[in-house]
Amino acid sequence: MLELSNIYKVFNPNTVNEKIALKNLSLTLNDGDFVTVIGGNGAGKSTMLNAIAGVWRVDAGSITIDGVDVTAMPEHRRAKFLGRVFQDPMMGTAAGMNIEENLALAARRGKSRGLGWGIRKAERAEYREKLAMLELGLENRMTTKVGLLSGGQRQALTLLMATLQRPKLLLWTSTPPPLTPRPPRKCFLSPIGSSTRTS
Amino acid sequence: MDISTLLNQMPGAVAQGLIWGIMAIGVYITYRVLDIADLTVDGTMATGGAVCVMLLINGYSMPVAIIGAVIAGMLAGMITGLLHTLLGIPPILAGILTQLSLYSVNLKILGSGNQTINTRKYDVLVSMGELKGVPFYQNPIFVTAIFVIVVICVLYWLFGTAMGSALRATGNNPNMSRAQGINTNTMKVFGLMLSNGIVALSGALLAQYDGQADVQKGRGAIVIGLAAVIIGEVLLSKLLRNFALRLCAVVVGGIIYYIVYQTVIWLGLDADLLKLLSAAVVAIFLGIPYLKRRFVRPSIKSIMAQEEDSTNA
C-alpha cells in the first residue's frame, strides 16, 4: 500500500544549520494498517508525513503508494491518493469560502476541475447528511464562511473533507494531546484503506 | 465655481468611472480573490490601449482590435505568473518587472509615446465626444455599462464552476488547495491572465474614449483600481454579499472615485496633487479596518445587561 524505501531528507545541507531529518527510513504499510508515530519534538514525524504528501521531494530513496511510484510526483498530483489533516486546524480549510464550498473542493480531490458547476444540488444533500454525523450543528450552517468557525469545528470539517472521497491513505498530524479538542469519533465510521497518524 | 460646470462634467465622470470600474474588477480578481497585489496592471492598461489603437489604425475591425488587446493583456499576466511560479519571484516584484518591461513594449507597439485616432473615422465604440447628442445606444455610458454587465456575468459564472472554486481556494489557502489536488501554480497564472485580460479590455475602451493611446496612461492604475475596490467595499459591503453584486460594488466604487475626482478639480485643487490625493485616500481606507480592530472596542453593553438580568433573576 505505502512503501518508503531508504528515504533521506536533509534540511540546509552543507551548512552549519544542517539537519538530517530522515535518514535511510524505510516503512511498509498494508491495506487497513493503522499506524501511530510518536516521538519528541524534532524527531522527524512531520517530515515523514510531508515526504509522503509531497510537500517537497525527498533527497534520496523512493516512495510508492498503491503500487505507483510517486517519488517525483508533485504534491497536487499525489492528492488523489491522500486524505490529509494538518496539525494547524486553520490549515486544512479555506477560510474565505463557506462550508459546502470547502466540501465540494474536497469531493473533487484528484479529479479534473473543469467548467461544470462547483457544487451540484445532489451534493448538497449528501454534505448535509455527513455534516450531521459530526453532531456539531454544522449541517444547518452550510453557507457559513469557514473562517467564522472555531478551530475544533474547522478540524472536524477537515477530517470530513479528508474522508469525503475515500483516500488510499489518511495522513493525520495531531496536535499534542492537551490541546486536542474532543475528537469527532463519528468520522471513523467510514472505512479507510489505511491510515497513518502521528502525535 | 459654477455648479452647472460640475454637473456638465458628471456624465464624463460616470463614463470614465465605468471604464475604470472594469479595470478595478481585474484588480479585484488578483487582490481579493488570489490575494496577490499585482502591479502588472499599470503596464497592461497602456498595452490594452496601444494594441487596440494600432490594430484599428492598421485597418482591423473593432472586435479584432478589442480581442487583440485582451490577448495582449493576458500574455502580460502570463509573464508575471510565470516569473512568480517558475522562478519563485515574489508576486509584487514579478508584477513590477513585467510592468517595467511593458513600458518598452508599449513604446514599440505605438512607435512613439502617443498615438491619436480620429474617433469619427474609426467609428469607435465609446468616445467622450458622444456623451451628448447621440442616440442612447451610442452613448459611452450605455456601451460601457453593457461591457460591465457582460464581464460581471462571465465572471459570476466562472467563479461558480469547479475551476473557479479552485481559483478561489488557491487565493484562500494554497497549502490546503494542493492537498485537495489543485495545481496552485497553474491557478495563479490563470488568475493573473484573467485579471490582466480584463484590465487590457478597460485600457482598450479608455483609449477609444480618449481618442488616443498613451504610454503614460496606466501610471498609478493599480491605485485607482484599489481605490475603486475599497470604496465599493466600504460603502456597500454590508448590502452586497453575493459575488456578482460585489463586483457591481467595485464598479460603483470606480464611478464614485471619478465623481469625487471631478469635484475636487472643480473645487480648484491643483491637478498636480491628484495622484498624491488618490494614494492618500487608498492608504486611509486600507488602514481603517486595522485601526478599528486595534483601537475601537465594540460596545457590548446590551450583552452585559442581559448577563446582569439573568444573575438578578
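None of these values were measured; they are calculated from a predicted model.

Rules and cut-offs
- Residues numbered from 1 in each chain as written.
- Chains lettered and ligands numbered in written order.
- Predicted model: local features only at pLDDT ≥ 70, side-chain atom pairs only at ≥ 80, totals over all residues.
- Heavy atoms only, no water.
- Helix = DSSP H or I, 4+ residues; strand = E, 2+ residues; numbered from the N terminus.
- Buried < 20%, exposed > 50% of the residue type's maximum accessible area, 1.4 Å probe, protein only.
- Areas by Shrake-Rupley, 256 points an atom, 1.4 Å probe, with all protein chains shown as cover.
- Expected span 1.5 Å × (residues − 1).
- Core = buried A, V, L, I, M, F, W, Y, C linked by side-chain atoms within 4.5 Å.
- Contact = heavy atoms within 4.5 Å.
- Pairing = 2+ DSSP bridges.
- Axes fitted to C-alpha atoms, helices over the stretch in contact; angles between N-to-C directions.
- Parallel < 35°, antiparallel > 145°, perpendicular 65-115°, else oblique.
- Nonpolar A, V, L, I, M, F, W, Y, C, P; charged D, E, K, R; others polar.
- Buried area = accessible area lost by both parts, 1.4 Å probe.
- Salt bridge = Lys/Arg side-chain N within 4 Å of Asp/Glu carboxyl O.
- Polar contact = N/O pair within 3.5 Å; in protein donor to acceptor, adjacent residues only side chain to side chain.
- Phe/Tyr/Trp six-rings, centres within 6.5 Å; stacked < 30°, edge-to-face > 60°.
- Lys NZ or Arg CZ within 6 Å of the ring centre and 35° of its normal.
- Patch = residues over 30% accessible without salt bridge, like charges linked within 9 Å, V, L, I, M, F, W, Y side chains within 5 Å.
- Lys, Arg positive; Asp, Glu negative; His and termini not counted.
- Charge placed at Lys NZ, Arg CZ, Asp CG, Glu CD.

A.B. asks: Help me understand the overall build of chain A, please; the structure alone is not making it clear to me.
C.D. replies: For chain A, the helix and strand inventory stands at five helices and eight strands. Secondary structure elements in chain A, listed N-terminal to C-terminal, are β-β-β-α-β-β-α-β-α-α-α-β-β. Looking at chain A as a whole, 46% of its 199 residues are labelled buried. When the accessible surface of chain A is totalled, it reaches about 9,800 Å², and 52% of it is carbon and sulfur.

A.B. asks: Explanation requested: helix H2 (residues 41–57) of chain B in the structure shown.
C.D. replies: For an α-helix the count is 3.6 residues per turn, leaving residues at separations of three or four pointing the same way. All names here are of chain B. Counted at 1.5 Å a residue, the expected span for H2 with its 17 residues is 24 Å, and the 24 Å between its end C-alpha atoms agrees. Counted residue by residue, H2 has 15 buried out of 17 residues, so it is predominantly covered. Positioned one or two residues after H2, Gly 59 has a phi angle of 90°, which is positive.

A.B. asks: I tried to follow the nonpolar core on my own but got confused; where do I start?
C.D. replies: Core analysis: the biggest nonpolar cluster contains 98 residues, and Leu103(A), Leu131(A) and Leu155(B) have the highest contact counts within it. The greatest single-element share of this core, amounting to 14 residues, is contributed by helix H1 (residues 3–33) of chain B. Sequence-distant contacts of Leu155(B), defined by excluding residues within four places in its chain, comprise Ile25(B), Ile29(B), Leu194(B), Ile198(B), Phe243(B) and Leu247(B).

A.B. asks: What should I look at first to understand the pairing of strand E1 (residues 2–11) of chain A in this one?
C.D. replies: Looking down a regular strand, the side chains alternate between one sheet face and the other. Residue and element names in this part refer to chain A. Summarising the sheet, E1 and strand E2 (residues 19–29) pair through seven bridges and their orientation is antiparallel. Each residue of the ladder has a partner; that of Phe 11, found in E2, is Lys 19. In the sheet, E1 pairs with strand E4 (residues 60–65) via five bridges, with the strands oriented antiparallel. Bridging across to E4, Tyr 8 finds its partner in Ala 60.

A.B. asks: Explanation requested: the packing of helix H6 (residues 162–172) of chain B against helix H8 (residues 184–210) of chain B in the structure shown.
C.D. replies: Residues and elements named next belong to chain B. Between H6 and H8, the shortest axis-to-axis distance is 9 Å and the interhelical angle comes to 100°. Classified by the interaxial angle, the pair formed by H6 and H8 is roughly perpendicular. In this structure, H6 uses Met 163, Ala 166, Leu 167 and Thr 170 to contact H8, whose residues at the interface are Thr 184, Met 187, Lys 188, Phe 190, Gly 191 and Leu 194. Taken together, the residues of the contact of H6 with H8 break down into six nonpolar, three polar and one charged.

A.B. asks: Would you mind showing me how to read the interface of chain B and chain A here?
C.D. replies: Accessible area lost upon the coming together of the parts serves often as the stated size of an interface. Taken together, the contact pairs 20 residues of chain B with 27 residues of chain A. With both sides pooled, the region where chain B packs onto chain A buries about 2,100 Å², and carbon together with sulfur makes up 60% of that total. Linking Glu101(A) and Arg168(B) is a salt bridge whose minimum nitrogen-to-oxygen distance equals 3.0 Å. Seen at the junction of chain B and chain A, the total is eleven residue pairs in polar contact (both at pLDDT 80 or more). In terms of residue count, the dominant contributor to the side of chain B that touches chain A is H6(B) (seven residues). By residue class, the composition of the side of chain B that touches chain A is nine nonpolar, nine polar and two charged.

A.B. asks: Which parts of the structure should I look at to understand the sheet that holds E2(A)?
C.D. replies: In a beta sheet, neighbouring strands are held together by backbone hydrogen bonds and run either parallel or antiparallel to one another. Read across the open sheet, the four strands follow the order E2-E1-E4-E5 (chain A); overall the sheet is antiparallel. Each end of this open sheet is capped by a strand with a single partner; those strands are E2 and strand E5 (68–69) of chain A.

A.B. asks: Would you explain the packing of aromatic side chains in this entry?
C.D. replies: We describe a pair of aromatic rings using the distance from one ring centre to the other and the angle between the two ring planes. Inspection of the entire model under this criterion finds nine aromatic pairs over all chains. Taking the centre distance of 5.8 Å and the plane angle of 80° together, the rings of Phe136(B) and Tyr137(B) count as edge-to-face. Through a chain of ring-to-ring contacts, the aromatic side chains of Trp20(B), Tyr257(B), Tyr258(B) and Tyr261(B) assemble into a single cluster. Over the ring of Trp56(A) we find Lys9(A), and its NZ or CZ is 4.5 Å from the ring centre.

A.B. asks: For this particular structure, what's the right way to read a positive patch on the surface?
C.D. replies: Together, Lys145(A), Lys238(B), Arg241(B), Arg246(B) and Lys292(B) make up a positively charged patch on the protein surface. Here Lys292(B) is to be found in helix H11 (residues 274–295). With relative accessibility at 54%, the residue Lys292(B) sits in the exposed group.

A.B. asks: Could you clarify how one ought to interpret the environment of Ile96(B) in this entry?
C.D. replies: All names here are of chain B. The topology assignment puts Ile 96 in helix H4 (residues 91–110). The exposure class of Ile 96 is partly exposed, given its relative accessible area of 35%. When the C-alpha atoms of Ile 96 and Ala 69 are compared, they prove to be 20 Å apart, with 27 residues separating the residues in sequence.

A.B. asks: It is not clear to me how the pairing of E4(A) should be interpreted in this structure. Could you clarify?
C.D. replies: All names here are of chain A. In the sheet, E4 pairs with E5 via two bridges, with the strands oriented antiparallel. Residue pairing in the sheet places Thr 64 in a bridge with Asp 69 of E5. Between E4 and the antiparallel strand that follows it, E5, lie two residues; Asp 66 among them carries a positive phi value of about 55°.

A.B. asks: Please explain the pattern of salt bridges as it appears in this structure.
C.D. replies: The tally for this structure, following the rule as stated, stands at eleven salt bridges over all chains. The partner of Glu75(A) in a salt bridge is Arg84(A), and the shortest N-O contact between them spans 2.9 Å. Since its relative accessible area comes to 8%, Glu75(A) is described here as buried. Connected through salt bridges with shared partners, the residues Glu75(A), Arg84(A) and Arg178(B) form a single ionic network.

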